[in-house]
Amino acid sequence: MFLQGFKVELRRLLIIFVICVGYGVIFGLQWWLLFTGLFLYVSWLFYQMYRLNKWLIRGTDEPPESSGLWGEIFDNMYNLQRLQQTETKNLQAVIKRIQEITSALKDGIIILDWRGHLDFWNPAAQRMIGFRTKDQGLSIINFIRHPKFVRYFEEGDYSAPLEFPSPRTDSKHLELQITRFGQNERLIVIRDITQIYQLEQMRRDFVANVSHELRTPLTVINGYIETISDNNAMPMWEKPLQQISQQGKRMSLLINDLLVLSKLETTEAGHNQKEIELEPLLISIKNEAEALGNDKHQTISLQCAESIKIIANEKELHSAFSNLAINAVKYTPEHGKIDLRLWKDANYIYFSVTDNGPGIDSKHLPRLTERFYRVDASRNSATGGTGLGLAIVKHVLMRHDGELKIISELGKGSTFTCVLPHHFS
Ligand code: ADP
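As the structure is a computational prediction, the values presented were derived from the model and not from experiment.

Novice: Before we go on, may I ask you to explain the side chain of Thr194 in this structure?
Specialist: Relative to the assigned elements, Thr194 resides in helix H6 (residues 194–231). By relative accessible area, Thr194 is classed as buried at 11%. Contacts of Thr194, omitting those with residues within four sequence positions, involve Ser171, Lys172 and His173.

In structure tokens form, the structure reads like this:
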């Protein structure tokens, strides 16, 4: 098919050649006529090229009419142009649709190029952050200057979302999640979480206030119960008073743990941090554990390879480590074995508490650090646990950029390991 134009063109050239040579032979001017014929043909070719160029420059008109090879070239180019126009239209329709969708979104969408500079944002992001059209190409850090964001953005670990106060107004709170795509470009999705944040704040305040308000009356009640128990002469009241006193103490423990947790939640991480030598801290925790398990005749050992220091909040760290040691004492039966170990490697400091107690079924492990999560209600009430110990441990470790690892097997025992990053030491 595509040879058709060529054939026409060859025939045309042949006819010119035959006519020129034929007449040339008749009149004895074959070279002149051949030259003139070819000259006219080449001029015609130039004219076609001129028309093609003119049409290409104008772009939109119908192609010029022509025959033979040139006619085919014009038609093919015209078809190509039409195809490209259709594809461009389709692409524009898709872009328009995406723009409509992103404009309708309540969440803010920001696209950053490989340098972290603004490439695209939707109206919601514009409202939340306050971009203007002329800001395109500027670094995102010029607009979200909060130190938490700057650190998160530069460290490049975007596995968890980040919460931060809105750069426009203090009363709003935003949550942001970054995803990498393409050539190290980044997509940022921002959500307004003011309502959730306020609810969470209300919950924290409520727990803190209730615990605080309950503490004083409970101290008074416990005090009177103790006095009454000490002076009680009636044997029939002995058991009830003992139970009231036991439950009163349990409530005090619960309120104290709730207050510790709310303090961990409401104060900024990083305050009151200083360099701490860990060995003396662990010796005092070991002594506390021994005192608590005195009548259980457990063997408690401490292995501390070398002098290890850490920059941390001593009170918080003490509370986390002692919670683990106290749990081991509480849940390990008489004559059990408890090992406290401290060691470090190039990146982390580890503190582990291993016991040969009842162990925990693996199905409970993922939820063990939730507040009031009970593996077994009877185990809890027998040991007088509050159900908040491991939640406190988790919070303290989180505030020091660390984590809690739990390995446990039913009937064999458990190992709770605190992993703290080395950059704190
Ligand atoms: P509690 O104050 O009740 O001890 P925790 O948050 O410290 O609360 O612990 C949660 C639950 O995990 C406990 O109720 C207990 O069942 C289980 N647990 C914690 N430590 C141990 C341990 N060393 N051995 C067995 N079970 C444990």
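Novice: What's the story with the sheet that holds strand E2 (residues 118–121) in this structure? I'm lost.
Specialist: Two strands in a sheet stick together by hydrogen bonds in their backbones, pointing the same way (parallel) or opposite ways (antiparallel). Strand order in this open sheet of five strands is E2-E1-E5-E4-E3, and the pairing throughout is antiparallel. Only two strands of the sheet have a single neighbouring strand rather than two, namely E2 and strand E3 (162–165). Strand-to-strand twist of the sheet, defined as the mean angle between neighbouring strand axes without regard to direction, takes the value 25 degrees. Here strand E1 (residues 108–112) runs beside E2; their pairing, made up of three bridges, is antiparallel. For Ile110, the partnering residue across the bridge sits in E2 and is Trp121.

Novice: Explain the state of the cysteines here, please?
Specialist: What we call a disulfide is simply a covalent bond connecting the sulfur atoms of a pair of cysteines. According to the stated counting rule, one finds zero disulfides in the structure shown. In this structure Cys304 is a free cysteine whose sulfur lies 14 Å from that of Cys418, the closest cysteine sulfur available.

Novice: Looking at this structure, how should I read the pattern of salt bridges?
Specialist: Close approach of charged atoms allows side chains of opposite charge to pair. The tally for this structure, following the rule as stated, stands at 18 salt bridges. Note that Arg371 is salt-bridged to Glu265, the shortest N-O span being 2.4 Å. Of this pair, Arg371 sits in the loop between strand E10 (348–355) and helix H10 (377–383) while Glu265 sits in helix H7 (residues 238–266); the two residues are 106 residues apart in sequence, bridging distant segments of the chain. Here Lys337 makes a salt bridge to Asp339, at a shortest N to O gap of 3.2 Å.

Calculation criteria
Numbers given to residues run from 1 along each chain, matching the order in which its sequence is written. Local features in a predicted model are, by the rule used here, given only for residues with pLDDT of at least 70; side-chain atom pairs are given and counted only at 80 or more, and totals for whole chains, interfaces and linings are based on all residues. Excluding hydrogens and water, the side-chain values take into account all heavy atoms of the structure. To qualify as a helix, a DSSP run of H or I must reach at least 4 residues; to qualify as a strand, a run of E must reach at least 2; elements of each kind are numbered from the N terminus. We call a residue buried when its accessible area falls under 20% of the maximum for its residue type, exposed when it is over 50%, and partly exposed in between, using a 1.4 Å probe and counting protein chains only. Contacts between residues were defined by any pair of non-hydrogen atoms, one from each residue, lying within 4.5 Å. Pairing between strands is defined by DSSP: at least two bridges between them are needed. Between N-to-C directions, angles span 0 to 180 degrees; the directions come from axes that are lines fitted to C-alpha atoms, helices contributing only their stretch in contact. Criterion for a disulfide: a pair of cysteine sulfur atoms within 2.5 Å. Here, a salt bridge means any side-chain nitrogen of Lys or Arg that lies within 4 Å of a carboxyl oxygen of Asp or Glu.

Just distances and angles here, no functional claims.
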